[in-house]
Amino acid sequence: MKTLIVTGGAGFIGSNFLHLLHASRPDWKVVNLDALTYAGNLENLISLEGWKNYEFVRGDIARREDVERAFAAARRFGGPVSVVHFAAESHVDRSIESGLPFVQTNVLGTQVLLDAARAHGVERFVHVSTDEVYGSLGDTGYFTEETPLAPNSPYSASKAASDLLVRAAVHTHGFPALVTRCSNNYGPFQFPEKLVPLMIAKASDGESLPVYGDGKNVRDWLYVVDHCEAILAVLERGRLGETYNIGGHNEYQNIAIVRRLLSELGKPESLIRYVKDRPGHDRRYAIDASKIERELGWKPRYRLEDALPLTIAWYRSRAGWLQRVRSGAYREYLARQYGG
Ligand code: NAD
Ligand code: DAU
């Protein structure tokens, strides 16, 4: 049994992780610290209502007093505390518009959290990072945990900076941290600014689908449930101080994903619009996940052929969720509940 602080639990992967804990570790005590930015949505967590071992704390990881409120809640639950750190500004295109919020949350926020976690003597600290810190691959090869960091966007640079701050805490203070680096996720509750839900939403409304550049950039797609199970394995059994790559050997060009979505949705390919490329667009990501498989016995359970239809079915059955997120109406609830 564990007491856990999860940061960013109202976002896409964080909310899926909380659902996994609720289903598989219901005796754990869980505090969710989330600032509820545009990407945080408490509607993602409605199914947790009534879970007596769960508490939500609204707060910013970059404010020590907010982080202390989360630790106070964890202390009330009792037992040694661990942290799983998801909270971040996560969208590359937004970071190209403005890098500062990414430095504020991903870099400063991670350091504030690390300082507090060290002061409270946490048992384990899992830092959730991304394959984008390794930069871009050519036509062949894979990112391993030894691949040098070479981030190319303000988002990935801020994540790489946070990874290095975690590394420094381990090296300097013997801090009990682990780092995970995962490839592109898709699945329920993903904010419709990312490729898969954006294309589902637009195609469903008969809008054109904006494909950047030649559409031949490659991503290594992983169903979010697989990612969450990998993080749980790292939390429970990972070796302190280690980094674990997480990925699914599911490489596809963007245009292949878009075509597959259109075909599943029964929509015409004439909706595809090639648009101006993303500045500095990384060409290819591909993960070598042999370390986590070898050491922790984790392997992805879902294939894209099965999980993409599951994802489409989820968005179809949650048309109201999608509509409220796209229109911003979910924020009215936040305003009523939290005054802004
Ligand atoms: P998301 O944008 O959907 O959710 C981020 C969450 O963090 C939101 O709930 C938001 O309110 C919260 N948050 C943002 N700033 C905060 C702050 N200052 N204080 C407290 N909470 C704050 O992101 P996601 O896609 O779920 O990604 C979660 C983590 O996983 C991130 O660290 C991201 O870098 C990493 N990651 C994501 C992917 C992916 O494909 N989405 C892949 C690999 C790694
Ligand atoms: O690799 C892990 C990363 O995956 C995570 O760290 C990030 O948080 C997450 O956002 C994601 O980053 P990407 O930039 O790869 O994801 P995105 O969904 O924004 O884009 C996927 C690919 O699709 C990318 O090559 C850009 C392209 N794209 C994206 C959008 C939004 C388009 O062609 N058109 C679009 O409208």
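A short tour of the structure in this document, coming up.

Definitions and limits used
- Residues numbered from 1 in each chain as written.
- Chains lettered and ligands numbered in written order.
- Predicted model: local features only at pLDDT ≥ 70, side-chain atom pairs only at ≥ 80, totals over all residues.
- Heavy atoms only, no water.
- Near = heavy atom within 4 Å.
- Polar contact = N/O pair within 3.5 Å; in protein donor to acceptor, adjacent residues only side chain to side chain.
- Areas by Shrake-Rupley, 256 points an atom, 1.4 Å probe, with all protein chains shown as cover.
- Helix = DSSP H or I, 4+ residues; strand = E, 2+ residues; numbered from the N terminus.
- Nonpolar A, V, L, I, M, F, W, Y, C, P; charged D, E, K, R; others polar.
- Core = buried A, V, L, I, M, F, W, Y, C linked by side-chain atoms within 4.5 Å.
- Buried < 20%, exposed > 50% of the residue type's maximum accessible area, 1.4 Å probe, protein only.
- Contact = heavy atoms within 4.5 Å.
- 1 Å grid on protein atoms, 1.4 Å probe; cavity = no way out; pocket = protein on both sides within 12 Å on 5 of 7 lines; lining within 4 Å.
- Points joined across faces, edges and corners; volume = space filled by probe spheres on them.

To continue, consider the site of ligand 1. Around ligand 1, the surrounding shell holds 28 residues, and the nearest of these are Ile-13, Asp-34, Ser-90, Tyr-155 and Lys-159. Here Phe-12 contributes a backbone N or O atom positioned 3.1 Å from an oxygen atom of ligand 1. Between ligand 1 and Asn-185, the relevant distance is 2.9 Å, taken from an oxygen atom to a main-chain nitrogen or oxygen of the residue. Within the complex, 96% of the 840 Å² of free accessible area of ligand 1 lies under protein. For the shell around ligand 1, the secondary-structure elements that each account for two or more residues are helix H1 (12-24), strand S5 (125-130) and helix H5 (154-173). Partitioned by chemical class, the residues of the shell around ligand 1 number 13 nonpolar, 12 polar and three charged.

Next up on the list: the site of ligand 2. Around ligand 2, the structure places 25 residues, and the nearest of them are Asp-131, Glu-132, Tyr-155, Arg-278 and His-281. The contact in question runs from an oxygen atom of ligand 2 to an N or O atom on the side chain of Asn-184, over 2.8 Å. Within the contact set of ligand 2, an oxygen atom lies 2.8 Å away from a side-chain nitrogen or oxygen of Arg-219. The protein chains hide 94% of the 690 Å² of surface that ligand 2 would expose on its own. For the shell around ligand 2, the secondary-structure elements that each account for two or more residues are helix H3 (92-97), helix H6 (195-204) and strand S8 (209-212).

Let's shift gears to the nonpolar core. Judged by nonpolar contacts, the single largest core of 40 residues is most densely connected at Leu-4, Phe-17, Leu-21, Val-30, Val-84 and Ile-292. Of all the elements in the fold, those that place two or more residues in this core are strand S1 (3-7), H1, strand S3 (54-58), S5, strand S6 (177-182), helix H7 (224-237), strand S11 (243-246) and helix H9 (290-296). For this core, the leading source of residues is H7, giving eight residues. Those residues within four positions of Ile-292 in sequence are excluded, and the remaining contacts are Ala-230, Val-234, Tyr-244, Asn-245, Ile-246, Gly-297 and Trp-298.

There is about 360 Å³ of room inside the second largest pocket. Forming the boundary of the second largest pocket are 19 residues, of which Arg-167, Val-179, Arg-181, Gly-241 and Thr-243 lie nearest the centre. Contributions of two or more residues to the lining of the second largest pocket are made by H5 and S6. If one sorts the elements of the lining of the second largest pocket by residue count, H5 sits on top with six residues.

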